[in-house]
Amino acid sequence: MRFAQIQLAMPFNEGFDYSIPDGIDVDVGNFVAIPLGNQTKIGVIWGFDAPETKIEKIKPIIAKLDIPRLSNEVMQFIDWVSRYLVTYRGSILGQVLRPYEALLDGPFINRIVLGENSVEKLTQQRQKIIDLVSCPDYAPLTRQELSAQSQISTATITQLLKSGALKELKTNADLPFDPIKLNGKPADLNPQQQAAKNAIAKADGFAPFLLDGVTGSGKTEVYLEAIADILAQDENAQILILLPEISLTQAVISRIEQRFGAKPVEWHNEIPMPQKRRAWRMINNGSAQIIIGARSAIFLPFQNLKLIVVDEEHDTSYKQDDGLRYHARDLAVVRAKFAGARVVLASATPSLETRNNAKTNKYNHLLLTNRFGLAVLPNIELVNLKEYPPPKDKWLSPLMIEAIADSLSRKEQALLFLNRRGYAPVVLCKRCGHRMMSPNSASWLVEHRFSGRLICHLTGYSIKKPINCPECNGYDTLTSIGPGIERIAVEAKELFPNARIEVFSSDTANSPTQVRAIIERMEKGEIDIIIGTQIVAKGHNFPNLTFVGVVDGDLGLKGGDPRAGERTYQILTQVAGRAGRSGLKGKAMIQTFYPENDAFVALLNNDRDSFLDIETQMRAMAGLPPFGRLASLQLMAKDEAALSEAKDIVNNALINAEGIEIWGPAPPPIALIRGWHRLRYLVRAEKNVDLSAFILAWRKRIKLTPKVRLIIDIEPYSFL
Ligand code: ADP
């Protein structure tokens, strides 16, 4: 009798024991159907150890599924990630087996192939269909597809089916994707680009790279050519390109299609299930070769992964902050290690962590120092708001207004950046001082004037803006405090009544189609002034954009986040980098009350390295990442007494350990969300301490009541 441990995509760390009936040939990584209670489940064979269950209680597996097995690399990755994130192996397997429909049979649809009978009355139309279907590279089509491709009615096809000249074949709905072609025109790389491309393409086995180049220096061009080389070396190679924002995918998809004659396979949360199912199947059977995706793509079941590109690697959208808390860039490096693949972290403003790894030679540092061709980096100017304030209740200083007017007079475009959605971040009553808050949350309501609503950006709660103050009933006493992008749009409209102005944020573009539409309008020159949140700062290539104005350069510097300075620097560099990409001279202007701040001085002098050196020293002194490790442990409860009890339980469960400091528990800045009270511990560990092991040992000793939730975040990025 043979036994196996079957891991299910459920919150367990161990596989369950099952027996393997004679005649079923299975290996580690195979998918099997098993009985569990009175249900049938699909799991993965994780090992063939002697069972721990009593043998007579062990049930046999039902069947081995006809799905290619998970590669060893994926299985090792799952084991590693679950341990690192202090979660269950089954939960990580659950990330890999998504969508679950990909594991089931079918769906099947009928497609058309040549039948046995010859054609009666061979009309021209019938001949055309028969020719198409008998073509050696004909991939079976449905009746509708065949009709569309041949431009001949479905009725004619139906007649041919009836006569037996064609027949229908029951086929799996999911077909392979169009194959990649390598005969596209390679870019003519400059010597620096060439050197970077060669280093990546020629690497053997695991090799991490920082591809460090100013915006527009050709990083994308370099990795596309490296992909071409890698595919030429290994025709079955699989490549994963991660991007931080869905809004950026379209541009890269088009470039891949141009270079490789076929679209890459897309993977993110906006694509519908059938498309995901097909992508998953083709990735797992190794036939999908270039995959472009958002952070969750790091869990896809590749068979022959040779390169992962993490574009805009510094972007904090790679960190998932709810559900499973992970950082896709960090996991990408680990995944590449297990796969024996290259990993390229590309950025104009690398994160301090990545830069430090490059400086200490853990990563190979590839530099692109110039913008490609005639494009030059924009001039950056600071506007000291103490010296040049905007008029009362306005937000654009006279210098900024002049610069916008300048661009518009040359028929060029301007971009205004403010990382605040809506009209005003705070609404208060000028009579009684009441502040409009989100119910049961320590969060203010943001005014959205275009929709006439007050919205909580944390919980999504929204109400129509009341006319009377809900506290003192004062008529029309609610006033809007501070600017959001809608308010800037109103101001810009007053200043430039003839300009075509659009607001770009997740409120005005909340689907990939809308995002694409607004980017296209901008590219075509149908917008004169675009006013946006961080969505507009990243990656886009607007050739006629020559002025970028940052409305509030100080916004990112507030709050107790250790990465605040670095992040401000990154976002400002990114947004400034949108200007002057096509050879037109660009200008960026940043409004600030603190022109002496290190981040601004560095930006002004284009001296990223000194800035990052200072930041690095400060982090090293504080023992913060990457010089130490952080984890957060959060307790949440609706009932404050239960939370307080839980705190005692957690405190008592604490174990003494060398090289570990515990800060807290303390309420985070937003201590109440949707009626859940919160408390947080921050754990700081020396770099050589196994922080995950410490947290796991601690967690195992914590026994909480069901009223309390415990959330573990390894390397947290959000401190709210
Ligand atoms: P990055 O990814 O660093 O922002 P891109 O790869 O998007 O830079 O390059 C910026 C622009 O310059 C793009 O339009 C790109 O096609 C062009 N470009 C860069 N390098 C080359 C090259 N070697 N040959 C032709 N065009 C290039």
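The coordinates are above.
Quick caveat: nothing in here was measured; it's all calculated off a predicted structure.

Undergrad: Let's hear about the overall build of the protein chain: which residues, and what values?
TA: Looking only at helices and strands, one finds 19 helices and 30 strands in the protein chain. Along the three orthogonal principal directions, the C-alpha set of the protein chain runs to about 85 × 70 × 60 Å. Counting over 720 residues, the protein chain shows a buried share of 52%. Partitioning the contacts of the protein chain with sequence separation of at least 6, the portion at a separation of at least 24 is 75%.

Undergrad: Break down the packing of aromatic side chains for me, with residues and values.
TA: Applying the stated rule across the entire model yields eight aromatic pairs. Judged by centre distance (5.1 Å) and plane angle (65 degrees), the ring pair of Phe12 and Phe16 falls under edge-to-face. Through a chain of ring-to-ring contacts, the aromatic side chains of Phe77, Phe299 and Tyr326 assemble into a single cluster. Over the ring of Phe177 we find Arg278; its NZ or CZ atom is 4.0 Å from the centre of that ring. The side chain of Arg709 reaches across the aromatic face of Trp676, ending 4.0 Å from its centre.

Undergrad: Go over the pattern of salt bridges with me, naming the residues and quoting the values.
TA: Within the structure shown, the criterion is met by 35 salt bridges. Across the pair Glu566 and Arg619 runs a salt bridge, and its minimum N-O distance is 2.4 Å. In this pair, Glu566 is assigned in helix 15 (residues 564–576) and Arg619 in helix 17 (residues 608–622), connecting sequence segments 53 residues apart. The same class applies to Glu566 as to Arg619, namely buried. Residues joined in a network through salt bridges with shared partners are Asp212, Arg355, Lys359, Arg608, Asp609 and Asp613.

Undergrad: Account for the nonpolar core, with residues named and values stated.
TA: Counting 79 residues, the largest nonpolar core has Phe31, Ile298, Phe299, Ile695 and Trp698 as the members making the most contacts within it. Element by element, the count of residues in this core is highest for helix 10 (residues 328–339), at seven residues. Setting aside chain neighbours within four positions, we find Phe299 in contact with Phe77, Val81, Ile92, Gln95, Val96, Leu324, Tyr326, Leu331 and Arg335. One finds Leu224, Ile239, Leu248 and Val252 within the second-largest nonpolar core, a separate group that totals 33 residues.

Undergrad: Would you mind going over the site of the ligand in detail, with residue names and values included?
TA: Around the ligand sit 15 residues, and of these Gln193, Lys219, Thr220, Glu221 and Arg255 come closest. Interatomic distance of 2.6 Å between a side-chain N/O atom of Thr220 and an oxygen atom of the ligand. Residue Arg255 places a side-chain N or O atom 2.8 Å away from an oxygen atom belonging to the ligand. When the ligand is considered free in solution it has 560 Å² of accessible area, and contact with the protein chains removes 76% of it.

Undergrad: How would you summarise the pairing of strand 11 (residues 290–293) if you had to cite specific residues and measurements?
TA: The two faces of strand 11 match: Ile290 and Ile292 on one face and Ile291 and Gly293 on the other face are all buried. Both strand 10 (residues 265–267) and strand 11 contribute to a ladder of three bridges, which runs parallel. By the bridge assignment for strand 11, Trp267 is matched with Gly293. As a crossover connection, the stretch from strand 10 through helix 9 (residues 273–284) into strand 11 is right-handed.

Undergrad: Outline the sheet that holds strand 22 (residues 501–504), listing residues and values.
TA: The strands that make up a sheet are held in pairs by hydrogen bonds between backbone atoms, and each pair lies either parallel or antiparallel. Taken together, six strands build an open sheet; the order of strands is 15-25-24-16-23-22 and the sheet is parallel. Lying at the two open borders of the sheet, with one neighbouring strand each, are strand 15 (379–384) and strand 22. In this sheet, neighbouring strand axes are inclined to one another by 20 degrees on average, regardless of whether the strands run parallel or antiparallel. Where strand 22 and strand 23 (residues 529–532) come together, four bridges link them in parallel fashion. Looking at strand 23, one finds that Phe504 is bridged to Gly532. Taken strand by strand, helix 14 (residues 512–523) contacts strand 16 (413–417), strand 22, strand 23 and strand 24 (545–550), and its axis lies near 145 degrees from that of strand 22. Against the sheet, helix 15 contacts strand 15, strand 16, strand 24 and strand 25 (587–592), and its axis sits at roughly 155 degrees relative to strand 24.

Undergrad: Which residues make up helix 19 (residues 691–701), and what values do they have?
TA: It helps to recall that an α-helix has 3.6 residues per turn; residues three or four apart then point in one direction. Among the residues of helix 19, those classed as buried are Leu691, Ser692, Phe694, Ile695 and Trp698. Buried residues in helix 19, looked at end-on, bunch into an arc of 160 degrees, giving them a common side. Contacts from the buried residues of helix 19 go to helix 1 (72–84), strand 26 (628–637), helix 18 (640–653), strand 27 (660–666), strand 29 (676–686) and strand 30 (708–714).

Undergrad: Give a description of the sheet that holds strand 12 (residues 305–311) that names residues and reports values.
TA: One open sheet accounts for seven strands, arranged 10-11-9-12-13-8-14; its pairing is parallel. Strands at the two margins of the open sheet, each flanked by one partner only, are strand 10 and strand 14 (364–368). Direction aside, the axes of adjacent strands within the sheet are offset by 20 degrees on average. Pairing of strand 9 (residues 238–242) with strand 11, which is carried by four bridges, proceeds in the parallel orientation. Following the sheet pairing, Ile239 is matched in strand 11 by Ile290. Along the sheet, helix 6 (residues 191–202) makes contact with strand 8 (207–213), strand 12, strand 13 (342–347) and strand 14, crossing strand 14 at roughly 155 degrees.

Undergrad: I'd like a rundown of the packing of helix 15 against helix 17, residues and numbers included.
TA: Following both chains from N to C, one finds helix 15 and helix 17 inclined at 160 degrees, their axes separated by 10 Å at the closest point. Overall, the two elements helix 15 and helix 17 adopt an arrangement that is roughly antiparallel. The interaxial crossing formed by helix 15 with helix 17 has left-handed handedness. Between helix 15 and helix 17, the contacting residues are Gly565, Glu566 and Tyr569 on the first element and Arg608, Phe611, Glu615 and Arg619 on the second. Split by residue class, the contact of helix 15 with helix 17 holds two nonpolar, one polar and four charged.

Undergrad: With reference to specific residues and values, describe the environment of Gln634.
TA: Along the polypeptide, Gln634 turns up in strand 26. Taking the C-alpha atoms as reference, Gln634 lies 5.8 Å from Leu679; in sequence the two are 45 residues apart. In this structure Gln634 touches Arg678, Leu679, Arg680, Arg709, Leu710 and Ile711, once residues within four positions along its chain are discounted. One polar contact links Gln634 to Arg678, side chain to side chain, over a distance of 3.1 Å.

Undergrad: If you had to explain the packing of helix 7 (residues 219–233) against helix 8 (residues 249–260) to someone new, which residues and values would you point to?
TA: For the pair helix 7 and helix 8, interaxial distance at closest approach is 11 Å and the crossing angle is 40 degrees. Regarding the angle of helix 7 to helix 8, the classification is oblique. The handedness of the crossing between helix 7 and helix 8 comes out as right-handed. Contacts between helix 7 and helix 8 involve Thr220, Glu221, Tyr223, Leu224, Glu225, Ile227, Ala228 and Leu231 on the former and, on the latter, Val252, Arg255, Ile256, Arg259 and Phe260. For the contact of helix 7 with helix 8, a count of residues per class yields eight nonpolar, one polar and four charged.

Undergrad: With reference to specific residues and values, describe helix 10.
TA: With 12 residues, helix 10 extends 16 Å from end C-alpha to end C-alpha; this agrees with the ideal 16 Å at 1.5 Å per step. Buried residues dominate helix 10, accounting for nine of its 12 residues. As for helix 10, its buried residues are in contact with helix 1, strand 9, strand 12, strand 13 and helix 11 (352–359).

Undergrad: Tell me about unusual backbone geometry, and name the residues and values.
TA: With the exception of glycine, most residues fall at negative phi, and the peptide bonds are largely trans. Cis geometry is adopted by the peptide bond preceding Pro107, which originates at Gly106 and carries an omega value of 5 degrees. Mapping Pro107 onto the fold places it in the loop between helix 2 (89–96) and strand 6 (108–114). Cis geometry marks the peptide bond from Gly664 to Pro665; its omega dihedral reads 10 degrees. Mapped onto the elements, Pro665 comes out in strand 27. Backbone geometry at Lys411 places phi at a positive 65 degrees, although glycine is not the residue there. Tracing the chain through its elements places Lys411 in the loop between helix 12 (398–409) and strand 16. Judged by relative accessible area, which is 70%, Lys411 ranks as exposed. Backbone geometry at Asp476 places phi at a positive 60 degrees, although glycine is not the residue there. You can see Asp476 is positioned in the loop between strand 20 (462–464) and strand 21 (478–481).

The rules behind the values
Residues numbered from 1 in each chain as written. Predicted model: local features only at pLDDT ≥ 70, side-chain atom pairs only at ≥ 80, totals over all residues. Heavy atoms only, no water. Helix = DSSP H or I, 4+ residues; strand = E, 2+ residues; numbered from the N terminus. Buried < 20%, exposed > 50% of the residue type's maximum accessible area, 1.4 Å probe, protein only. Contact = heavy atoms within 4.5 Å. Phe/Tyr/Trp six-rings, centres within 6.5 Å; stacked < 30°, edge-to-face > 60°. Lys NZ or Arg CZ within 6 Å of the ring centre and 35° of its normal. Salt bridge = Lys/Arg side-chain N within 4 Å of Asp/Glu carboxyl O. Core = buried A, V, L, I, M, F, W, Y, C linked by side-chain atoms within 4.5 Å. Near = heavy atom within 4 Å. Polar contact = N/O pair within 3.5 Å; in protein donor to acceptor, adjacent residues only side chain to side chain. Areas by Shrake-Rupley, 256 points an atom, 1.4 Å probe, with all protein chains shown as cover. Pairing = 2+ DSSP bridges. Right-handed = clockwise from strand over helix to strand, strands pointing away. Axes fitted to C-alpha atoms, helices over the stretch in contact; angles between N-to-C directions. Arc of directions from axis to C-beta. Parallel < 35°, antiparallel > 145°, perpendicular 65-115°, else oblique. Left-handed = near helix turned anticlockwise from the far one by under 90°. Nonpolar A, V, L, I, M, F, W, Y, C, P; charged D, E, K, R; others polar. Expected span 1.5 Å × (residues − 1).

Everything listed here is a matter of geometry and, on its own, says nothing about what the molecule does.
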